[in-house]
Amino acid sequence: MTENFVFNALLVAVFASALITVLLLLFVNAPYGRHQSSGWGPTIPVRLGWVLMESPASLVFFYFYFSGAQAWQPVPLLLMLMWQLHYVHRSFIYPFQIRVKPGSRTTALVIALGSLYCGINGYLNGAYISHYADHLTQDWLTDPRFIGGVVLFAFGYFLNKQSDRILRALRQNNPGEYQIPYGLGFRWVSMPNYLGEIITWSGFALASWSLAGLSFVVFTMANLVPRALANHRWYQETFSDYPKDRRAVIPYIL
Ligand SMILES: NC(=O)c1ccc[n+]([C@@H]2O[C@H](COP(=O)([O-])OP(=O)(O)OC[C@H]3O[C@@H](n4cnc5c(N)ncnc54)[C@H](OP(=O)(O)O)[C@@H]3O)[C@@H](O)[C@H]2O)c1
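What you see is a predicted model, and the numbers here were worked out from it, not measured in a lab.

Draft legend 1. Representation of the site of the ligand within the structure. The ligand sits among 24 residues. The nearest are Y32, D164, Y178, Q179 and Y194. At 2.9 Å, a side-chain N or O of R90 approaches an oxygen atom of the ligand. Within the contact set of the ligand, a nitrogen atom lies 2.7 Å away from a backbone nitrogen or oxygen of Q179. Here the ligand, which alone exposes 880 Å², has 92% of that area covered by the protein. Listed by contribution, the elements that provide at least two residues to the shell around the ligand are α6 (144–173), α7 (192–208) and α8 (211–238). Among the elements that line the shell around the ligand, the one with the most residues is α6, at five residues. Residues of the shell around the ligand, tallied by class, amount to 11 nonpolar, six polar and seven charged.

Draft legend 2. Inspection of the environment of F62 at higher detail. Structurally, F62 can be placed in helix α2 (residues 46–66). With 61 residues separating them along the chain, F62 and Y123 place their C-alpha atoms 8.7 Å apart.

Draft legend 3. Highlighting the nonpolar core. Ranked by internal contacts, the top residues of the largest apolar core, which has 36 residues, are F7, L79, W201 and F204. Counting residues per element, the ones that place at least two in this core are α1 (5–25), α2, α3 (74–92), α5 (108–132), α6, α7 and α8. At seven residues, α5 tops the list of elements feeding residues into this core. Apart from residues no more than four positions distant in its own chain, F7 is found in contact with T2, Y123, L124, A127, Y128, Y132 and A212.

Draft legend 4. Highlighting the packing of α1 against α5. One can describe the packing of α1 onto α5 by two numbers: an axis separation of 11 Å at closest approach and a directional angle of 130 degrees. With respect to each other, α1 and α5 are oriented oblique. The two elements α1 and α5 meet at a crossing, and its hand is left-handed. From α1, F7, L10, L11 and V14 reach across to α5, where they touch Y117, I120, Y123, L124, A127, Y128 and Y132. Considering only residue class, the contact of α1 with α5 consists of 11 nonpolar, no polar and no charged.

Draft legend 5. Representation of the environment of W72. Assignment of secondary structure puts W72 in the loop between α2 and α3. Residue W72 is classed as exposed on the basis of its relative accessible area, which comes to 65%. As a C-alpha pair, W72 and S130 span 58 residues in sequence and 8.7 Å in three-dimensional space. For W72, the residues in contact, after removing those within four places along its chain, are F66 and L77.

Draft legend 6. Geometry of the packing of aromatic side chains. Across all of its chains, the model carries 28 aromatic pairs by this definition. Between W50 and Y94, the aromatic rings sit 5.3 Å apart at their centres with planes inclined by 80 degrees, giving edge-to-face as the arrangement. On the criterion of sequence distance, the pair formed by W50 in helix α2 and Y94 in helix α4 (residues 94–97) is long-range, its members being 44 residues apart. Like W50, the residue Y94 is buried in the burial classification. Between F61 and Y65, the ring centres sit 5.9 Å apart and the planes meet at 10 degrees, which makes this aromatic pair stacked. Of this pair, F61 and Y65 both sit in helix α2, four residues apart, roughly one helical turn. Classification of F61 by relative accessible area gives buried; the value is 0%.

Draft legend 7. Summary view of unusual backbone geometry. One non-glycine residue, L184, lies in the positive phi region at around 50 degrees. Tracing the backbone through its elements, the reader meets L184 in the loop between α6 and α7. A positive phi angle is found at W209, which is not glycine, with a value near 45 degrees. Inspection of the secondary structure puts W209 in the loop between α7 and α8.

Here is what the cut-offs are and how they apply
Residues numbered from 1 in each chain as written. Predicted model: local features only at pLDDT ≥ 70, side-chain atom pairs only at ≥ 80, totals over all residues. Heavy atoms only, no water. Near = heavy atom within 4 Å. Polar contact = N/O pair within 3.5 Å; in protein donor to acceptor, adjacent residues only side chain to side chain. Areas by Shrake-Rupley, 256 points an atom, 1.4 Å probe, with all protein chains shown as cover. Helix = DSSP H or I, 4+ residues; strand = E, 2+ residues; numbered from the N terminus. Nonpolar A, V, L, I, M, F, W, Y, C, P; charged D, E, K, R; others polar. Core = buried A, V, L, I, M, F, W, Y, C linked by side-chain atoms within 4.5 Å. Buried < 20%, exposed > 50% of the residue type's maximum accessible area, 1.4 Å probe, protein only. Contact = heavy atoms within 4.5 Å. Axes fitted to C-alpha atoms, helices over the stretch in contact; angles between N-to-C directions. Parallel < 35°, antiparallel > 145°, perpendicular 65-115°, else oblique. Left-handed = near helix turned anticlockwise from the far one by under 90°. Phe/Tyr/Trp six-rings, centres within 6.5 Å; stacked < 30°, edge-to-face > 60°.

Listed below in structure tokens is the structure:
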């Protein structure tokens, strides 16, 4: 917690909305991708949706980060680079890499809610690291939490990006279809990209040792675990030869 009322209130709101999100998503699938359905209001092009949804996490973070007194200190700078390594890619490169099914659109409501969350998340983490964290001094560079967090982040980043790459390759020869993915983390789970995302932000939370970082991991899990369970069921129902020993998102467990 900080002395800034708005910051604290938003932090509490994120933890509370994570609880609401997980409860909601256990019963309703967010209407995008394979669960896109009508009746949720206007839709927009998929690539535009990704840019609008994810870019606030990059841009708002940049704004609040560079307005802080610690912006040019080594540890905050490294954390900023980790964040932006993911979010510049996710906002401005990933949307143009995905192979969108011909005619596919995405629900504007999902994009609006995602965009709101990404803006708040960018503020909480950018502001905390650069304005409020007083433990992110040069000594933190050798702290096991920082080193372990960076290693976890790198592993999660690799798993997330490689899994998304495998999914893109599936669409290369079959533009409009879903197929069973194989290789790397798909050996163990249906959604290794989600697992990678959860590990990435667990690493960031550990490296920054912050409630803002923790709120992001909790919200990511609230969002992605129910979706992974739904996608796993969808794979099992869609493909009769779907690998029996594969779990949804956590190898051998879930
Ligand atoms: N931090 C967070 O809370 C959060 C939230 C959401 C997403 N993300 C991240 O954003 C990325 C994308 O998320 P997502 O929910 O769109 O993931 P996804 O359902 O795995 O889809 C990723 C891409 O691969 C395609 N695809 C998926 N399964 C396929 C299959 N079996 N055969 C052929 N193509 C397939 C999808 O096409 P369709 O779109 O046509 O299904 C989409 O273009 C992931 O890296 C995820 O971790 C993060």
